[in-house]
Amino acid sequence: MVDLLGYGEKDSTPQSLATLFVIASLSVFLLFRWDMNDLLIESFPSFHSSTFPLILVLLWRLFCLLIGASAIVYMYRMETGKMIVIDHQSRSERMTHPVKSEKFVTFSSWTLLSNFTYFVLASAGTYLVMVGKNVPQWLEIFQVAVFSTALGAAFLTSTIVRFVILPGEVRQRRNHDHQFLFHNQIMHNFAAVFLTIEIILAQPYLQPEFALFGLFLGLIYAAFAYPFAYCWRGYYVYGFIDPRLKFAPFLQSGLAGAISIFYLGLWLGSELVSYNLALGSLVLILWVSQIVQFKSGLAKEDEL
C-alpha cells in the first residue's frame with residue numbers, strides 16, 4: 001500500500017507551492033470568466049424569499065449567530081486544550097496545548113468562523129429586507145459566497161471527524177472526551193446541522209459555480225499551514241498538510257477539491273429541495289445524520 005504520508009528523498013515543498021499557485025490561478029481565471037459577482041447577486045434574493053415567514057427566518061439566523069459567537073468565546077477563553085500535531089523539525093507527533101488565538105489554526109475552527117460569519121451577514125441582510133431598506137451589494141455578494149464556502153467546509157469537517165478522527169482515537173484507546181466539548185460540538189456537528197436547516201428553511205437558489213469558493217478556502221488553508229509551521233509555531237495541525245511529504249501536492253489539492261465536491265453534493269440537495277421540499281429535506285436530513293456524532297464511542301467499543 002502506498003504511504004501517502006511518507007517523506008521522500010527530496011523536499012516536495014516547491015512542487016506543493018507550485019501546485020497551489022497553478023490551481024489558484026486557474027480558479028481566479030474562472031472567477032472572472034463566469035461573471036461570479038452577477039451570479040452571487042442573482043442568488044441573493046432567494047435567501048430572503050422563503051415560504052416560511054421572514055421573521056421566523058430572522059429569528060433562526062440570530063439564534064445560530066448567538067450559538068456561533070458563544071462557541072468562539074468559549075473556545076478562546078478555555079484554558080485547557082490539547083492537540084496531537086506533527087512537529088516541523090522532527091517530523092514526528094507531539095502533544096501541544098494551544099491557548100487563546102492559537103486554537104483557531106485548525107480547519108475545524110475555520111469552519112466555525114465561516115459558519116458564524118455567514119449568519120452575521122444573513123441576519124443583517126434579512127433585517128434590511130424586512131424593514132424595506134436597500135441591501136448593500138457587497139453584503140449580497142459576501143453572504144452567498146460565505147454560505148457556499150461554509151456549506152462545503154462544514155460537511156467535509158463533520159465527515160472527517162466522524163469517519164477518520166474519532167475512529168482513530170477509539171482504536172488507540174485515547175481519551176477523546178475533549179472532542180465533545182461545546183465548541184467542538186458546534187464545529188464538528190452543529191455547523192452542518194445549522195446549514196442543512198438553512199437550506200430547508202430558506203430554499204436558496206445556488207449555482208454549481210459557487211464550488212470555487214470552497215476551493216479557495218482549501219487553497220488558503222494549505223498555503224497558511226507552511227509559514228505557520230516554519231516561521232511561527234513549529235508544527236502542522238494535520239500530518240497531510242506538510243508540504244514536504246512525497247505526495248503533498250496531491251494531498252493539499254485534494255483538501256481544496258474535497259470542499260468543492262461536498263458543496264456540489266449539497267447543491268444537488270438544494271435543487272431537490274426546490275423540486276420537492278419533503279423529499280429534498282429527507283435526503284439532507286439522512287445525509288447529515290450519518291456524519292454527526294454527539295458522544296464518544298469509546299465506552300461502547302470497550303464493551304465488545
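Everything below is about the structure printed above this text.
Reference entry: report on the structure contained in this document.

Rules of the game
Residues numbered from 1 in each chain as written. Predicted model: local features only at pLDDT ≥ 70, side-chain atom pairs only at ≥ 80, totals over all residues. Heavy atoms only, no water. Helix = DSSP H or I, 4+ residues; strand = E, 2+ residues; numbered from the N terminus. Contact = heavy atoms within 4.5 Å. Phe/Tyr/Trp six-rings, centres within 6.5 Å; stacked < 30°, edge-to-face > 60°. Buried < 20%, exposed > 50% of the residue type's maximum accessible area, 1.4 Å probe, protein only. Lys NZ or Arg CZ within 6 Å of the ring centre and 35° of its normal. 1 Å grid on protein atoms, 1.4 Å probe; cavity = no way out; pocket = protein on both sides within 12 Å on 5 of 7 lines; lining within 4 Å. Points joined across faces, edges and corners; volume = space filled by probe spheres on them. Nonpolar A, V, L, I, M, F, W, Y, C, P; charged D, E, K, R; others polar. Pairing = 2+ DSSP bridges. Bend = angle between axes of the 7 residues up to and from the residue.

What follows covers the side chain of Ser 114. Along the polypeptide, Ser 114 turns up in helix α4 (residues 107–130). Beyond its immediate sequence surroundings of up to four residues, Ser 114 is in contact with Val 146 and Ala 150.

A few words now on the packing of aromatic side chains. Throughout the structure, instances matching the rule amount to 23 aromatic pairs. Consider the rings of Phe 63 and Phe 194, whose centres lie 6.2 Å apart with planes at 70°: the pair is edge-to-face. Residue Phe 63 is found in helix α3 (residues 54–77), and its partner Phe 194 is found in helix α6 (residues 182–202); the two are separated by 131 residues along the sequence. Using a relative accessible area of 43% as the deciding quantity, one classes Phe 63 as partly exposed. Where Tyr 221 meets Tyr 238, the ring centres are 6.3 Å apart and the plane angle is 55°; that geometry is what we call tilted. Placement of the pair is Tyr 221 in helix α7 (residues 211–232) and Tyr 238 in the loop between β3 (235–236) and α8 (248–275), with a sequence separation of 17 residues. On the accessibility criterion, Tyr 238 (18% relative accessible area) is buried. By the ring-pair criterion, three or more aromatic residues cluster together here, those being Phe 107, Trp 110, Tyr 221, Phe 224, Phe 228, Trp 232, Tyr 235, Tyr 238 and Phe 240. One Lys or Arg, Arg 91, reaches over the ring of Tyr 7 and ends 4.3 Å from the middle of that ring.

When its volume is computed, the largest pocket comes out at roughly 1600 Å³. Around the largest pocket, the lining comprises 49 residues; the ones closest to its centre are Ile 84, Ile 165, Gln 179, Val 237 and Tyr 238. Here the lining of the largest pocket gets nine residues from one element, more than from any other, and that element is helix α5 (residues 137–171). Along the lines of polarity and charge, the residues of the lining of the largest pocket split into 27 nonpolar, 15 polar and seven charged. Counted as a void, the second largest pocket has a volume near 380 Å³.

The subject of this paragraph is the sheet that holds strand β1 (residues 83–87). The pairing of strands in a sheet comes from backbone hydrogen bonds and takes either a parallel or an antiparallel form. Judged by pairing direction, the sheet is antiparallel, and its three strands sit side by side in the order β2-β1-β3 without closing on themselves. Edge positions in the sheet fall to β2 (93–96) and β3, since each of these pairs with one other strand and no more. Judged from the two bridges that link them, β1 and β3 form a sheet pairing that is antiparallel. The residue of β3 that forms the bridge with Ile 86 is Tyr 236.

Right, let's get into α6. Turn by turn, an α-helix covers 3.6 residues, leaving residues three or four places apart pointing in a common direction. Along α6, the sharpest change in direction is near 50° and occurs at Phe 190. The element α6 is largely enclosed, with a buried count of 18 among its 21 residues.

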